[in-house]
Amino acid sequence: KAGLTTKYIGKNVVYEQSVSSTQEIAHRIASDGAEEGTVIVADEQLGGKGRLGRPWFSPIGSGIWMSLILKPKIPPQQAPQLTLLTAVAVIRGIKEQTGLHCDIKWPNDILLNGKKLVGILTEMQADPDQIHSVIIGIGINVNQDFFPEEIKEIATSLKIEKGEEINRASVMQSIMVQFEQLYELFLDEGFLPIKHMWEAHAITIGRRITARTITNSIQGYAKGITDDGVLLLEDDLGTIHKIYSADIEFNVT
Ligand code: BTN
């Protein structure tokens, strides 16, 4: 793409019109030796994947549906940190192109005016002690004018919030530039500087929430995240729970 100033993120772009899921393609070409920084982007996904086995609505031409292949030399337990890093990169890219300020709902939802704008899905191919590749899926609602009935109360797009059509390629480029900067910082200095940036956008911390996991649901006060990006939730008995993955709901009271 013209104007892209990154060294390796997005230098290789595989563009498809219609795919089942860009995640599937990324997994396949990553195991076939695709280089770090390779991006798969599609105009439409017929089987877009969300977290926790949910579908991700990816209609033609209106969003950024992309997967990024990384091959970081970090322990597999640290891979979730890349999800938080991605959220910061996406927020910065969106701000740069549209002036809009987004918030992060732990771990990886990006909200605009309280509605979901971006979803991030991190998957990896790894042995217990070694990462082969991390596939970061990013779905951004850009130019939708409306959403299906089931999600219209909870989803939004850049166009809806900004009131004008947004150039998808420019947003994507900004995100890749931001991503590369943060990724290099992360590889050089670790997660701490990224954690601080993430916290500046996080709306989960300091609030009363319910965290629903597949097996149970815990209510309490979101105290913060650990250096690994794990959410610390204090229940009413004062017990601190480490939440690795859950759906978060804000409690009103
Ligand atoms: C979520 O549930 O919030 C995560 C949604 C991730 C969607 C993106 S769109 C590009 C990539 N390909 C997929 O099938 N999913 C991710």
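Given the structure is predicted, the values throughout are model-derived calculations rather than measurements.

**Q** Please explain the sheet that holds strand E9 (residues 217-225) as it appears in this structure.
**A** Two pairing modes exist for strands in a sheet, parallel and antiparallel, and in both the strands are linked by backbone hydrogen bonds. Judged by pairing direction, the sheet is antiparallel, and its five strands sit side by side in the order E11-E10-E9-E8-E12 without closing on themselves. In the strand order of this sheet, the two ends are held by strand E11 (240-243) and strand E12 (247-250), each with one partner. Direction aside, neighbouring strands of the sheet carry axes that sit 45° apart on average. Here five bridges tie strand E8 (residues 208-212) to E9, and the two strands are oriented antiparallel to one another. Bridged to Arg212 within E9 is Ser217.

**Q** Help me out: how do you make sense of the site of the ligand in this one?
**A** Around the ligand, the surrounding shell holds 20 residues, and the nearest of these are Ser21, Gln45, Lys49, Arg51 and Lys116. Residue Thr22 places a side-chain N or O atom 3.0 Å away from a nitrogen atom belonging to the ligand. Interatomic distance of 2.7 Å between a backbone N/O atom of Lys49 and an oxygen atom of the ligand. Here the ligand, which alone exposes 420 Å², has 98% of that area covered by the protein. Taken together, the elements giving at least two residues each to the shell around the ligand come down to helix H1 (22-31), strand E3 (63-70), strand E6 (115-127) and strand E7 (130-141). Here the element with the most residues in the shell around the ligand is E6; it accounts for four residues.

**Q** Whenever I open this one, the environment of Tyr15 confuses me. Can you help?
**A** Within the secondary structure layout, Tyr15 lies in strand E1 (residues 13-19). Since its relative accessible area comes to 48%, Tyr15 is described here as partly exposed. Put simply, Tyr15 and Ile40 are 25 residues apart on the chain and 5.9 Å apart in space, counted from C-alpha to C-alpha. With near-sequence residues (within four places) excluded, Tyr15 lies in contact with Val41 and Asp43.

**Q** Would you mind showing me how to read the sheet that holds E7 here?
**A** Pairing in this open sheet of seven strands is mixed, and the strands run E1-E2-E3-E7-E6-E5-E4 from one edge to the other. The open sheet has two edge strands with one neighbour each: E1 and strand E4 (103-105). When the angles between neighbouring strand axes are averaged without regard to direction, this sheet yields 20°. As judged from the 10 bridges shared by E6 and E7, these two strands associate in the antiparallel manner. Of the residues in E7, the one forming a bridge with Glu123 is Ile135. Set on the sheet, helix H4 (residues 168-189) makes contact with strand E2 (39-45), E3 and E7; between it and E3 the angle comes to about 30°.

Basis of the calculations
- Residues numbered from 1 in each chain as written.
- Predicted model: local features only at pLDDT ≥ 70, side-chain atom pairs only at ≥ 80, totals over all residues.
- Heavy atoms only, no water.
- Pairing = 2+ DSSP bridges.
- Helix = DSSP H or I, 4+ residues; strand = E, 2+ residues; numbered from the N terminus.
- Axes fitted to C-alpha atoms, helices over the stretch in contact; angles between N-to-C directions.
- Near = heavy atom within 4 Å.
- Polar contact = N/O pair within 3.5 Å; in protein donor to acceptor, adjacent residues only side chain to side chain.
- Areas by Shrake-Rupley, 256 points an atom, 1.4 Å probe, with all protein chains shown as cover.
- Buried < 20%, exposed > 50% of the residue type's maximum accessible area, 1.4 Å probe, protein only.
- Contact = heavy atoms within 4.5 Å.

Function-wise, these values are silent; they only describe arrangement.
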